[in-house]
Amino acid sequence: MYFKQKSNVIFRNYESFGYITDNRNFGYKQTGDDENYIGDKILSESGTVFMSVLGRTPQTLDELVKKINTQFLDVDIKTIETDANEFYCVLEQDGFVVSGDTFEECNNKDTRFSYKTANPEIVHKGSSSIVVRKENGTQDFFEEYFKGTPQLTNLHLEITSKCNERCVHCYIPHENKVHHMESDLFYNILEQCKNMRLLHLNISGGEPMLHKSFPDFLSKCNEYNFSVNVLSNLTLLNDEILQEMKRNPLLGVQTSLYSMNPKIHDEITQMKGSFEKTKKAILQLVDNDIPLQISCPIMKQNKDCYDEVIKWAGEFKLHVGADSVIIAKYNHTTQNLNCRLSINDIKKVIIKKVATDSKYLEQLRLEAEKKEYITPDDFVCSVCHSSICISDNGNVYPCAGWQDYVVGNVKETSLKEIWDNSQKVQYLRNLRNKDFPKCTQCADKEYCTMCMVRNANENPQGDPLVVNEFFCNIAKLNRQIAEVELKS
């Protein structure tokens with residue numbers, strides 16, 4: 001019997017325990033997905049040894065047992081064989097491992113993401129003494145195991161600030177879009193991420209495909225078994241990049257499509273012909289079974305036609321993220337907010353979503369129910385608890401868009417040192433919901449998501465504690481509409 005790790009699985013060895021996850025925790029789903037994704041699992045110390053010898057190339061049980069035996073010299077090899085077979089079979093039931101009577105059968109059972117798949121696979125959960133069942137989330141487990149020390153699992157890397165588009169709503173000032181990240185710096189950061197057992201990378205810009213080393217960067221991410229999301233306008237997609245994307249089963253792409261009317265899309269990007277290039281590239285990714293999500297920010301320019309993007313994308317099982325969240329530039333100038341919808345227009349958008357999307361209202365209420373249990377002592381968000389960002393010049397900052405709040409620079413200090421000891425990082429980590437008293441006492445708090453970068457960018461002094469009233473009004477709208485629909 002042959003066994004191998006599935007190609008869409010990420011495994012990290014923490015010595016005393018192991019962590020294994022299906023990339024669908026980070027990757028993009030198709031429309032119509034039944035949410036039956038595999039999830040993640042904590043492995044015991046012995047289970048970690050068993051998992052660590054399992055690669056992405058099929059191996060016989062005998063080959064695997066011999067490797068395991070080098071770690072357990074005092075254990076009878078027959079016992080190891082029995083335990084290993086049980087362990088791999090359980091993980092196969094859970095969807096992390098595949099097996100086969102032959103090398104080829106094992107490889108062929110490792111099915112990858114495809115837009116042609118009618119229904120996602122059904123996973124039947126198993127159990128084993130060397131698999132630790134987990135009731136709480138991953139971050140909860142890490143929080144408990146590492147005694148409150150936050151673990152970096154998600155990094156946003158801006159490999160260039162240069163961009164070939166000039167989107168009217170962008171939060172990066174155009175005059176600052178001038179640099180590429182040095183390749184040596186990128187590889188150094190990646191090595192540090194590997195040592196810190198990072199799981200997921202967002203690679204963006206500017207426009208990341210402008211960087212001449214972009215395909216090589218993707219190749220190294222694949223070598224290190226990182227889950228990768230690429231944020232790109234796709235206008236520069238070529239065969240070399242496409243082939244490199246296809247080689248990484250842990251890679252997904254997010255792109256923006258603002259309208260199915262080329263004139264409107266191009267007016268927003270301020271690049272003539274951008275619509276046709278982006279649309280063509282989207283279809284290329286679909287043809288090549290590369291997971292993709294479309295972002296369609298709703299603004300004044302496309303408020304009457306954004307739903308056409310959703311309809312078009314649905315034909316290809318593509319999910320579209322469409323919301324009216326536009327934030328000010330990180331230098332606290334607000335000219336880009338001229339395209340932000342008025343509260344009255346946002347009300348019309350929400351009412352339209354309720355009328356056309358049967359799941360929208362249900363999801364809104366479910367999210368509100370979850371927030372009922374949030375306490376004043378809970379964290380505000382994941383910023384500096386599980387994620388952080390690095391810009392093209394090595395500056396480290398809390399999250400995408402908050403680039404004037406620099407917490408360190410990886411050219412001067414290691415990422416781990418910044419993550420563990422930066423005073424600015426510690427300050428953000430120590431913030432709790434109670435530091436926003438207006439929010440904790442608000443009747444609409446279950447329909448709102450506190451976002452410090454939205455506060456900071458729109459505040460002339462960059463103060464993240466000054467609550468942004470615009471988004472308070474959106475929360476009130478959500479609550480009012482949800483309550484009215486509930487009564488009706």
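Residues numbered from 1 in each chain as written. Predicted model: local features only at pLDDT ≥ 70, side-chain atom pairs only at ≥ 80, totals over all residues. Heavy atoms only, no water.

1. A closer look at the overall build of the protein chain
The following threshold applies: The helix count covers DSSP runs of H or I at least four residues long, the strand count covers runs of E at least two residues long, and both are numbered beginning at the N terminus. In this description the radius of gyration comes from C-alpha coordinates, and the expected globular size is given by 2.2 Å times residues to the power 0.38. Accessible area is worked out with a 1.4 Å probe on protein chains only. A residue is then buried under 20% of its type maximum, exposed over 50%, and partly exposed in between. Only heavy atoms enter the contact rule, under which two residues are in contact if any of them lie within 4.5 Å. Each accessible area is a Shrake-Rupley estimate made with a 1.4 Å probe; only the visible protein chains count as cover when residues are assessed.
A tally of helices and strands in the protein chain yields 18 helices and 16 strands. For 488 residues, the compact-globule formula gives about 23 Å, and the C-alpha radius of gyration of the protein chain, at 24 Å, lands near that figure. Across its three principal axes, the protein chain shows a C-alpha extent of roughly 70 × 55 × 50 Å. Split into buried and exposed, the 488 residues of the protein chain put 53% on the buried side. Across the protein chain, the fraction of contacts at a sequence separation of at least 24, relative to all contacts at a separation of at least 6, is 72%. When the accessible surface of the protein chain is totalled, it reaches about 22600 Å², and 48% of it is carbon and sulfur.

2. Thoughts on the pairing of strand 2 (residues 9-13)
Definition in use: For two strands to be treated as a pair, DSSP must find at least two bridges joining them.
Burial within strand 2 is extensive, with four of its five residues counted as buried. With five bridges connecting them, strand 2 and strand 3 (residues 18-22) associate as antiparallel partners. Each residue of the ladder has a partner; that of R12, found in strand 3, is Y19. Between strand 2 and the antiparallel strand that follows it, strand 3, lie four residues; E15 among them carries a positive phi value of about 70°.

3. A few points about the packing of aromatic side chains
Keep this limit in mind: Between 30 and 60 degrees the pair is tilted, below 30 it is stacked and above 60 it is edge-to-face, where a pair is any two Phe, Tyr or Trp rings, Trp via its six-membered ring, whose centres lie within 6.5 Å. Either the NZ atom of lysine or the CZ atom of arginine qualifies as a charge over a ring when it sits within 6 Å of the ring centre and within 35 degrees of the ring normal.
Scanning the model with the defined rule gives 18 aromatic pairs in all. With 5.8 Å between their ring centres and 80° between their planes, F186 and Y187 make a pair best called edge-to-face. The exposure class of Y187 is partly exposed, given its relative accessible area of 29%. Joined through ring pairs, the aromatic side chains of F3, F50, F72, F87 and Y88 make up one cluster. Sitting over the ring of F470, R340 keeps its end group 3.8 Å from the ring centre. Above the ring of F471, the side-chain terminus of R454 is found at 3.9 Å from the ring centroid.

4. As for the sheet that holds strand 8 (residues 154-158)
For clarity, the threshold we go by: All axes here are fitted lines through C-alpha atoms, helices being fitted over the stretch that makes contact, and every angle between N-to-C directions spans 0 to 180 degrees.
Pairing is mixed across the open sheet formed by nine strands, whose spatial order is 13-12-11-10-9-8-14-15-16. Each edge of the open sheet carries a strand with a single partner, namely strand 13 (319-321) and strand 16 (408-409). Inspection of the sheet shows strand 14 (residues 387-390) paired to strand 15 (residues 395-397) by two bridges, in the antiparallel sense. Bridged to I390 within strand 15 is V396. Across the sheet, helix 6 (residues 183-195) is in contact with strand 8, strand 9 (200-204) and strand 14; its angle to strand 8 comes to roughly 180°.

5. Comments concerning the packing of helix 9 (residues 262-269) against helix 10 (residues 274-287)
Formally: Comment on the angle field: the value is read as roughly parallel under 35 degrees, roughly antiparallel over 145, roughly perpendicular from 65 to 115, and oblique elsewhere. Under the scheme applied, nonpolar residues are Ala, Val, Leu, Ile, Met, Phe, Trp, Tyr, Cys and Pro; charged residues are Asp, Glu, Lys and Arg; polar residues are all the others, including Gly.
Relative to each other, helix 9 and helix 10 sit at 105°, their axes nearing to 8 Å. Relative to helix 10, the element helix 9 lies roughly perpendicular. Residue-level contacts link P262, H265, D266 and T269 of helix 9 to S274, F275, E276 and T278 of helix 10. In terms of residue class, the contact of helix 9 with helix 10 is built from two nonpolar, four polar and two charged.

6. Considering the confidence of the model for the protein chain
Filter applied, for reference: Per-residue confidence from the predictor is reported as pLDDT, a score between 0 and 100.
Across the protein chain, the average pLDDT comes to 90, with 91% of residues at or above 70. Here residues 118-125 is a poorly scored stretch, pLDDT under 50, and it has 19 contacts once near neighbours within four places are set aside; other chains count.

7. Points about the sheet that holds strand 6 (residues 97-100)
Judged by pairing direction, the sheet is antiparallel, and its three strands sit side by side in the order 5-1-6 without closing on themselves. Two strands bound the open sheet, and with one partner strand each, they are strand 5 (59-60) and strand 6. Across four bridges, strand 1 (residues 2-5) lies against strand 6 in antiparallel orientation. Bridging across to strand 6, F3 finds its partner in S99.

8. Topic: the pairing of strand 8
For strand 8, the tally of buried residues reaches five of five residues, placing the bulk of the element in the interior. Burial of strand 8 is two-sided: the residues N154, H156 and E158 facing one way and the residues L155 and L157 facing the other way are all buried. As defined by bridge partners, strand 8 adjoins strand 9 across five bridges and the pair is classed as parallel. Across the sheet, residue H156 finds its bridge partner in strand 9, namely N202. One ladder, built from four bridges, connects strand 8 with strand 14; its direction is parallel. Residue L157 lies in a different strand from strand 14, and its bridge partner there is I390.

9. Regarding unusual backbone geometry
Of note, the bond from G205 into G206 is cis; its omega dihedral lies within 30 degrees of zero at 20°. The topology assignment puts G206 in the loop between strand 9 and helix 7 (214-223). Notably, L234 is not glycine yet its phi reads approximately 70°, a positive angle. Among the secondary structure elements, L234 is positioned in the loop between strand 10 (227-231) and helix 8 (239-247).

10. Looking at helix 9
Note that an α-helix has 3.6 residues per turn; residues three or four places apart therefore point the same way. Applicable threshold: Here a polar contact is recorded for every N or O atom pair within 3.5 Å, except that within protein the pair must consist of a potential hydrogen donor and a potential acceptor, and residues adjacent in sequence are included only if both atoms are side-chain atoms.
Those residues of helix 9 that sit buried are I264, H265, D266, I268 and T269. The backbone nitrogen of K263 lies 2.9 Å from a side-chain oxygen of the residue at the head of helix 9, namely N261. Looking at the residues trailing helix 9, positive phi occurs at Q270, about 55°.

11. A look at the environment of K277
For K277, the position within the fold is in helix 10. Of the residues examined, K277 reaches a relative accessible area of 42% and is grouped as partly exposed. The spacing of K277 and N233 is 44 residues in sequence and 8.9 Å in space, taken between C-alpha atoms.

12. Notes on the side chain of N433
For N433, the position within the fold is in the loop between helix 15 (423-430) and helix 16 (437-440). Setting aside chain neighbours within four positions, we find N433 in contact with I374, T375, P376, D378, F379, V380 and T440.

13. With respect to the nonpolar core
Generally speaking, a soluble globular protein has its nonpolar side chains buried in company with each other. We apply this condition: Within this scheme, the nonpolar core is defined by two criteria: the residues are buried Ala, Val, Leu, Ile, Met, Phe, Trp, Tyr or Cys, and they are joined through side-chain atoms within 4.5 Å.
Counting 92 residues, the largest nonpolar core has M245 and I388 as the members making the most contacts within it. Here I388 is in contact with L152, N154, L155, H156, V396, Y397, P398, V407, L415, W419 and V425, once residues within four sequence places are set aside. Counting residues in hydrophobic clusters, the runner-up holds 21 residues, among them F50, M51, L54 and V65.

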